[in-house]
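Geometric and topological summary
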Amino acid sequence: IVIAIPTFSPGEYWGSIRNGIEAALQEYADISIRCIWFPYNQYDVYSCRSTYESVANLAPDAVIMGPIFECETLSFCNQLDTKAIPYFFVDSVIAGTNPWASFTTDQFACGRLMAHLMESILPADAEVVIMSAQRIGSERAHNSIEREKGFRDFFESVGKADQIHKEYFSPLNPEKSSERNKSFLLEHPKVKGIAVMNSRGHIMAELLKENRFKDIRLICYDMTGANIRCLQEGLISFLLCQNPERQGFNAVKSLIKCLLYRQPEE
């Protein structure tokens, strides 16, 4: 089997998914499984494309993937469908594909929940900025797109759609974007909330700390080591957790049921 998920540093979100996968492989160690890892850079569409091409040429028995980019995933899944290779999603679901099973959260609902939490802790006239990650290539991450849709939908439902701004930061080189992000916050003093659409909220938390922005609330995703530390320090107000270990574990469990018994996930 092939595991195609983004690279990670210790304590990060995708590391938790890998931990869940490895825990399942250990629990089902009586079944002979050859596992090959194909990591790619989630902030580089070309890295993702290259990895998917390598996996398609390998023609494995099954694939577990963490789909970040929609177009690349659609093309890859079409190839897997043609070859009748079952595949399983963790973290996200891409419309127009036919995975055997998917283990993720409702990203639109997550965006609405984030917005609801944000709106509940800010003054009525406060403005909010959505911070999205800059990526190499023309595509954004599918999850970030859906979360932003949900976030905007909630603010529109409470009549505050015009209080939202949009900015970008660089997870790969935060120093490069920090001055621009700092300037934006100084130029928009009514911004009292930052919504980070991925697990790199700690980057914005450090920016707020270093520049002594004391009245700006921050919400982001995932219980990574860096985010937990910032939460404990009071730099992050809320973290939304997606149970990544369980996603990885259940993906392997479902894959084994598929390969051994062709039994669909209930």
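Now for a description of the structure that goes with this document. (Residues numbered from 1 in each chain as written. Predicted model: local features only at pLDDT ≥ 70, side-chain atom pairs only at ≥ 80, totals over all residues. Heavy atoms only, no water.)

1. Overview of empty space enclosed by the protein
Tallied over the full model, the rule gives three cavities of 30 Å³ or more. Of the voids in this model, the largest cavity is the one considered here, and its volume is about 160 Å³. Around the largest cavity, the lining is made up of 18 residues, and of these Gln42, Ile68, Asp91, Arg147 and Asn198 lie nearest the centre. Secondary structure elements with two or more residues in the lining of the largest cavity: helix H1 (13-27) and helix H5 (142-157). Along the lines of polarity and charge, the residues of the lining of the largest cavity split into seven nonpolar, seven polar and four charged. (1 Å grid on protein atoms, 1.4 Å probe; cavity = no way out; pocket = protein on both sides within 12 Å on 5 of 7 lines; lining within 4 Å. Points joined across faces, edges and corners; volume = space filled by probe spheres on them. Helix = DSSP H or I, 4+ residues; strand = E, 2+ residues; numbered from the N terminus. Nonpolar A, V, L, I, M, F, W, Y, C, P; charged D, E, K, R; others polar.)

2. A short note on unusual backbone geometry
The backbone of Ala84 sits at a positive phi, close to 60 degrees, despite the residue not being glycine. If you trace the backbone, Ala84 turns up in the loop between helix H3 (70-82) and strand E4 (87-91). We classify Ala84 as exposed; its relative accessible area is 60%. At Arg212, a position not held by glycine, the phi torsion is positive, near 60 degrees. The residue Arg212 is located in the loop between helix H7 (201-210) and strand E9 (217-221) in this model. The exposure class assigned to Arg212 is exposed, which follows from its relative accessible area of 70%. (Buried < 20%, exposed > 50% of the residue type's maximum accessible area, 1.4 Å probe, protein only.)

3. Examining helix H6 (residues 174-187)
Given a rise of 1.5 Å per residue, 14 residues ought to cover 20 Å, and the 20 Å separating the end C-alpha atoms of H6 matches this to within 8%. Of the positions making up H6, those classed as buried are Ser177, Asn181, Phe184 and Leu185. Buried positions in H6, seen along its axis, are confined to an arc of 90 degrees and lie on one side of it. Those residues of H6 that are exposed and aimed more than 90 degrees away from the buried face are Glu175, Glu179, Leu186 and Glu187. The inward-facing, buried residues of H6 abut strand E6 (127-133), strand E7 (164-169), strand E8 (191-196) and H7. (Expected span 1.5 Å × (residues − 1). Arc of directions from axis to C-beta. Contact = heavy atoms within 4.5 Å.)

4. Here we look at the sheet that holds E8
Ordered in space as E7-E6-E8-E9-E10, the five strands form an open sheet in which the pairing is parallel. At either end of the open sheet lies a strand with only one pairing partner, and these are E7 and strand E10 (238-240). When the angles between neighbouring strand axes are averaged without regard to direction, this sheet yields 20 degrees. In this structure, E6 lies alongside E7, joined through six bridges in parallel fashion. Bridging across to E7, Ala133 finds its partner in Phe169. The sheet contacts of H5 involve E6, E7, E8 and E9, and relative to E6 the element is tilted by about 170 degrees. Against the sheet, helix H8 (residues 225-232) engages E9 and E10, with an angle of about 155 degrees to E10. (Pairing = 2+ DSSP bridges. Axes fitted to C-alpha atoms, helices over the stretch in contact; angles between N-to-C directions.)

5. As for the packing of aromatic side chains
Tallied over the entire structure, the rule returns seven aromatic pairs. When the centroid spacing of 6.4 Å and the interplanar angle of 45 degrees are considered together, the rings of Tyr28 and Phe249 count as tilted. Within this pair, whereas Tyr28 is found in the loop between H1 and strand E2 (36-37), its partner Phe249 is found in helix H9 (residues 244-261), the two being separated by 221 residues in sequence. Ring centres of Tyr40 and Tyr52 lie 5.9 Å apart, and the angle between their planes is 65 degrees; this geometry places the pair in the edge-to-face category. One end of the pair, Tyr40, is in the loop between E2 and helix H2 (45-58); the other, Tyr52, is in helix H2, with 12 residues separating them in the sequence. Note on Tyr40: relative accessible area 1%, which makes it buried. With relative accessibility at 3%, the residue Tyr52 sits in the buried group. Connected via pairs of aromatic rings, a cluster forms that spans Tyr40, Tyr52 and Phe76. Looking at Arg18, its charged tip hangs above the ring of Trp37, at a distance of 3.7 Å from the centre. (Phe/Tyr/Trp six-rings, centres within 6.5 Å; stacked < 30°, edge-to-face > 60°. Lys NZ or Arg CZ within 6 Å of the ring centre and 35° of its normal.)

6. A short note on the side chain of Gln42
Examined against the element boundaries, Gln42 turns out to sit in the loop between E2 and H2. Taking relative accessible area as the criterion, Gln42 reaches 10% and is therefore assigned buried. Setting aside residues up to four positions removed in sequence, Gln42 forms contacts with Pro6, Thr7, Trp14, Ile68, Phe69, Arg135 and Arg200.

7. Side note on the sheet that holds E2
The strands making up a sheet associate through backbone hydrogen bonding, with each pair oriented either parallel or antiparallel. Here we have five strands laid out as an open sheet, ordered E2-E1-E3-E4-E5, and parallel in their pairing. On the outer flanks of this sheet lie E2 and strand E5 (101-104), each paired with one strand and no other. Against the sheet, H1 touches strand E1 (2-4), E2, strand E3 (63-65) and E4, its axis set at about 135 degrees to E4.

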